[in-house]
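# Topology and contacts: notes
Residues per chain are reported as follows:
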Amino acid sequence: MTTILLKPHKEESIRRFHPWVFSGAIARVILDADHRAAEPVEGELVRVMSADRQILGVGHWQIGSISVRLLAFGVGELPERFWHERIASAYTMRQRLGLLREDNTIYRLIHGEGDMLPGLVVDMYGATAVVQAHSVGMHLHRSEIAQAIVDVVPEAENVYYKSDDTLPFKAQIHGDKAGWLISPSKVSDQYWALENGIEVRIDWLRGQKTGFFIDQRENRALVERYAAGKDVLNMFCYTGGFSLYALRGGAKLVHSVDVSQKAIDLVNANVARNFPGCTNHQAVTADAFDYLSAVTNGKIVNDQIVNNFDLIILDPPAFAKHRDAVKNALRGYQRINAKAIEMIRPGGILFTFSCSQAVDKEAFRLAVFSAAAQTGRKVRILHQLHQPQDHPINIYHPEGEYLKGLVLYVE
Ligand code: SAH
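Residues numbered from 1 in each chain as written. Predicted model: local features only at pLDDT ≥ 70, side-chain atom pairs only at ≥ 80, totals over all residues. Heavy atoms only, no water.

### As for the pairing of strand β5 (residues 55–61)
- Counting buried positions along β5 gives six out of seven residues, so the element sits mostly inside the fold.
- What sits between the antiparallel neighbours strand β4 (residues 45–49) and β5 is a turn of five residues, in which Arg 53 has the positive phi angle 65°.
- Bridge count between β5 and strand β6 (residues 66–73): five bridges; the pairing is antiparallel. Looking at β6, one finds that Gly 59 is bridged to Leu 70.
- Between β5 and β6, which pair antiparallel and follow one another directly, the connecting turn spans four residues, one of which, Gly 64, has a positive phi of 135°. (Buried < 20%, exposed > 50% of the residue type's maximum accessible area, 1.4 Å probe, protein only. Helix = DSSP H or I, 4+ residues; strand = E, 2+ residues; numbered from the N terminus. Pairing = 2+ DSSP bridges.)

Right, dumping it as C-alpha cells:
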C-alpha cells in the first residue's frame, strides 16, 4: 500500500480525528514496490504516517486540495468487516432514534463524514437503498458497500447506485456511474415511500439527488404546526414535501412553485395520492424570481390571480457550491428574502433556508437581516433550524454542517 508521509506537526488535526489530509500537509508519497503508476491512482487506499513514522490511519487518495479522506484512524489497513461495522453502527443509531417506523420508511442511513464514511451517502426508501458516491474511492468500493447494506439492514432488498452527478467531474471512472447494484425483487418504477405518514413518490432513476430531500423532514413537521387556516406559498417546492405537510396541517390554500416541470408533475401526483379530490392546492411551473416579482406587482401568474400569503417557505438550491461563489450567493439570499418579507401579510410567517455548505449560519442570518432591513418591516426570529438527526455532524468535522433555516414572524 502507498504511504503518505506528512510534514512535521501536520498530524495534529488527524490525531483529533479530522478526516481530511490537505495536499499542503504532505512531505512525501512513498509508492509501494509493485505500483504501476508514478503516483497514487485516484481512489486507491493509502496509509498516512506522521513525520516520525507513526501510523495515523488509512483512507482514499483523492486528486485536489483534499488529498486523503480518512476512513479509519490508528490503523494501517482497513479492518476486516469494516463496511459492515460502519453501516451497522449508522443503522443502530437510526433505530435508536426512532426513525424506522411503519409510518416512516424514508431516512438517510449514511451521511458521509457524519457517519465516519467520507464521500458516501446512502438514503433508504422502504426496501430500496440509494447509494451515492462523492469520491472515486467510494465508487471503487460500491459492490462491497451494497452487499454490506443488504447484510446489515433487515428491510433492505435492493440497492440502486446513483452517482452520475456526484463523482468528481474530471476523474477517470471505470464502471457504470448509475444502475442497480442489487435488485432481486422487481422494483416498480412508481415507488411510494412514507415520511411521517405522508406518502411520497420517489423517482431515484430520474429525480434530483437520491430522489427526495430527506433533510427537511423535521422542518416540514414544523410547517404543519403553523399551517392551519393559512394561505401558504412553497417556493422551490421540488416534489412538494412542505406543501403536503401544510395541507395536512389544515392550510386554507397552498401554492407550490418550482422551475422544473418534472418536479411539478411529482407534486401533483403526491397531492392527489394523499388528498384525493383536493381543491385548495395549485402547482405552478415558474422561475422563483420571476414569480415573486409578478406577485409583488399584482400580476397574473399561470392564469391565476395570486394574492399575498400568510406563510411562505423559501428552500432554494445551494446558491454557493464553492467558496468563491459566496458573495453572489449572499446577494441572492438577500434578494429573495426581501421579496418574501415584502409580500407576506402582517402577522405572517417565513420559513427561509440555505443548504450551501460554504455559507455559514452567521453569514446567512446577516443576509436575511439585510433583507428585513431593506423592507423596513418588523421581523422576529421564532426558530433557528438545521439538518435532522439522520444527517449528523461529526464533532471533529464541523464542515459537515450545511443546512440552516430561520422561522420569522413578520409584522
Ligand atoms: N423544498 C424541497 C427541496 C428544494 S430543492 C423539498 O422539500 O423537497 C431546490 C429546488 O429548486 C429544485 O426542485 C429545483 O428544481 C428548484 N429550482 C432551482 N432553481 C430554481 C428557480 N430559479 N426557480 C424556481 N425553482 C428553482
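Having put the structure on the table, let's press on.
### Focus: the site of the ligand
- Close to the ligand lie 15 residues, the nearest being Arg 220, Asp 258, Asp 287, Ala 288 and Asp 315.
- Separating an oxygen atom of the ligand from a side-chain N or O atom of Asp 258 is a distance of 2.7 Å.
- Within the side chain of Asp 315, a nitrogen or oxygen atom sits 2.7 Å from a nitrogen atom of the ligand.
- Protein contact buries 89% of the 580 Å² of open area that the ligand shows by itself.
- Grouping the amino acids of the shell around the ligand by side-chain chemistry returns nine nonpolar, two polar and four charged. (Near = heavy atom within 4 Å. Polar contact = N/O pair within 3.5 Å; in protein donor to acceptor, adjacent residues only side chain to side chain. Areas by Shrake-Rupley, 256 points an atom, 1.4 Å probe, with all protein chains shown as cover. Nonpolar A, V, L, I, M, F, W, Y, C, P; charged D, E, K, R; others polar.)

### A short note on the sheet that holds strand β1 (residues 2–6)
- One open sheet accounts for six strands, arranged β2-β6-β5-β4-β1-β3; its pairing is mixed. Both edges of this open sheet fall to β2 (20–22) and β3 (26–30), since each of them pairs with a single strand only. Between one strand axis and the next, the sheet turns by 35° as a mean value, whatever way the strands run.
- Pairing geometry for β1 and β3, over four bridges, is antiparallel. The residue of β3 that forms the bridge with Leu 6 is Ile 26. (Axes fitted to C-alpha atoms, helices over the stretch in contact; angles between N-to-C directions.)

### Quick word on the sheet that holds strand β21 (residues 379–386)
- Taken together, the seven strands give an open sheet; going across it, the order is β16-β15-β14-β19-β20-β22-β21, and neighbouring strands pair in mixed fashion. Sheet topology places β16 (281–285) and β21 at the edges, where each strand pairs with a single neighbour. Along the sheet, successive strands turn relative to each other by an average axial angle of 15°, direction set aside.
- Direction of pairing for strand β14 (residues 231–235) relative to strand β19 (residues 309–314): parallel, over a ladder of four bridges. Its bridge partner being in β19, Met 235 is matched across the sheet by Leu 314.
- Of the strands in this sheet, β14, β15 (253–258), β16, β19 and β20 (344–354) are in contact with helix α6 (residues 241–248), which crosses β15 at around 180°.
- Running over the sheet, helix α9 (residues 326–343) touches β14, β19, β20, β21 and β22 (404–410) and is turned about 155° from β20. (Contact = heavy atoms within 4.5 Å.)

### Description of empty space enclosed by the protein
- Counted under the stated rule, the structure contains one cavity of 30 Å³ or more.
- Taken as a whole, the largest cavity holds about 50 Å³ of empty space.
- Contributing to the lining of the largest cavity are Phe 17, Pro 19, Leu 70, Leu 71, Phe 73, Arg 86, Glu 113, Met 116, Pro 118 and Asn 394.
- Take the lining of the largest cavity: its biggest share by element is three residues, from β6.
- Here the lining of the largest cavity is built from residues that sort into seven nonpolar, one polar and two charged.
- Structurally, the lining of the largest cavity is a two-domain feature, drawing no fewer than three residues from each of domain 1 (2–73) and domain 2 (82–192). (1 Å grid on protein atoms, 1.4 Å probe; cavity = no way out; pocket = protein on both sides within 12 Å on 5 of 7 lines; lining within 4 Å. Points joined across faces, edges and corners; volume = space filled by probe spheres on them. Domains from an automatic or database assignment.)

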